[in-house]
Amino acid sequence: NDVYAEMYGYRSSQELKNKTLYDIVGNTEIMTYLIKTYVENNYAWENLETCEKMEDGTNRYFINNIVSLIEDNKIIGFWETQVDITKQKSAELSAIEKEKERRQSEKKFRDLADSVTDIYFAMDKKLNYTFWNKACENFHQLKSSEVIGTSYYSYNFNKTYDWVAENFKKIIKTIIIIKPIAIIT
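Residues numbered from 1 in each chain as written. Predicted model: local features only at pLDDT ≥ 70, side-chain atom pairs only at ≥ 80, totals over all residues. Heavy atoms only, no water.

Caption draft 1: Fine view of the sheet that holds strand 2 (residues 59-71). In spatial order, the strands read 1-2-3; together these three strands make up an open sheet with antiparallel pairing. The strands lining the two open edges of the sheet, one partner per strand, are strand 1 (44-53) and strand 3 (74-84). Each strand of the sheet is rotated relative to its neighbour by a mean of 30°, with strand direction disregarded. Pairing between strand 2 and strand 3: 10 bridges, direction antiparallel. Note on strand 3: the bridge partner recorded for N65 is T81. Against the sheet, helix 4 (residues 86-115) touches strand 1, strand 2 and strand 3, its axis set at about 130° to strand 2. (Pairing = 2+ DSSP bridges. Helix = DSSP H or I, 4+ residues; strand = E, 2+ residues; numbered from the N terminus. Axes fitted to C-alpha atoms, helices over the stretch in contact; angles between N-to-C directions. Contact = heavy atoms within 4.5 Å.)

Here it is in structure tokens:
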């Protein structure tokens with residue numbers, strides 16, 4: 001039909017006459033995969049997700065379903081649906097890429113913060129530790145896994161940290177958007 005033709009960059013279904021599936025899809029790797037899964041699943045697809053490259057070079061993502069009509073061990077027809085999920089898939093891929101970039105950035109930060117020789121830690125607005133570097137571990141003889149997520153008040157380090165807690169509370173009250181704040185001593 002015309003909608004199917006338009007999904008592949010054609011103006012109408014008339015342009016699809018006498019074209020094979022390979023002519024439309026144009027990728028032997030995809031074709032091999034499609035045929036293999038079709039045969040392996042008793043000449044059917046159920047929610048088969050595909051990524052197909054269009055003539056203009058863009059990728060389009062589809063959910064495919066097909067049920068074959070078989071008579072005397074021959075396919076005499078089939079019913080197929082194909083839903084274009086390109087927008088949803090693009091958003092999903094974008095979110096995955098952003099998460100990957102965030103994790104890489106966080107790893108760089110942690111690697112850098114762990115490499116400094118000064119005591120370096122971070123707390124959230126409730127004064128729970130969110131970061132504890134190697135220098136903190138060495139100085140206080142506490143592993144980061146023991147400290148992160150616990151409260152400042154869980155430990156009696158010494159009086160020099162008391163001013164940090166008090167000033168930190170005052171700062172928090174004046175800031176609308178809070179991001180972890182690093183404290184270097």
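Picking up where we left off.
Caption draft 2: Inspection of the nonpolar core at higher detail. Of all hydrophobic cores here, the largest spans 11 residues; its members are I119, F121, M123, L127, Y129, W132, A135, C136, L142, V147 and Y152. If you list the elements that add at least two residues to this core, you get strand 4 (120-123), strand 5 (129-132) and helix 5 (134-140). (Core = buried A, V, L, I, M, F, W, Y, C linked by side-chain atoms within 4.5 Å. Buried < 20%, exposed > 50% of the residue type's maximum accessible area, 1.4 Å probe, protein only.)

Caption draft 3: Here's a closer look at unusual backbone geometry. A positive phi angle, close to 50°, is found at D72, a residue other than glycine. Here D72 shows up in the loop between strand 2 and strand 3. Using a relative accessible area of 69% as the deciding quantity, one classes D72 as exposed. Backbone geometry places L127, a non-glycine residue, at a positive phi of 65°. Mapped onto the elements, L127 comes out in the loop between strand 4 and strand 5.

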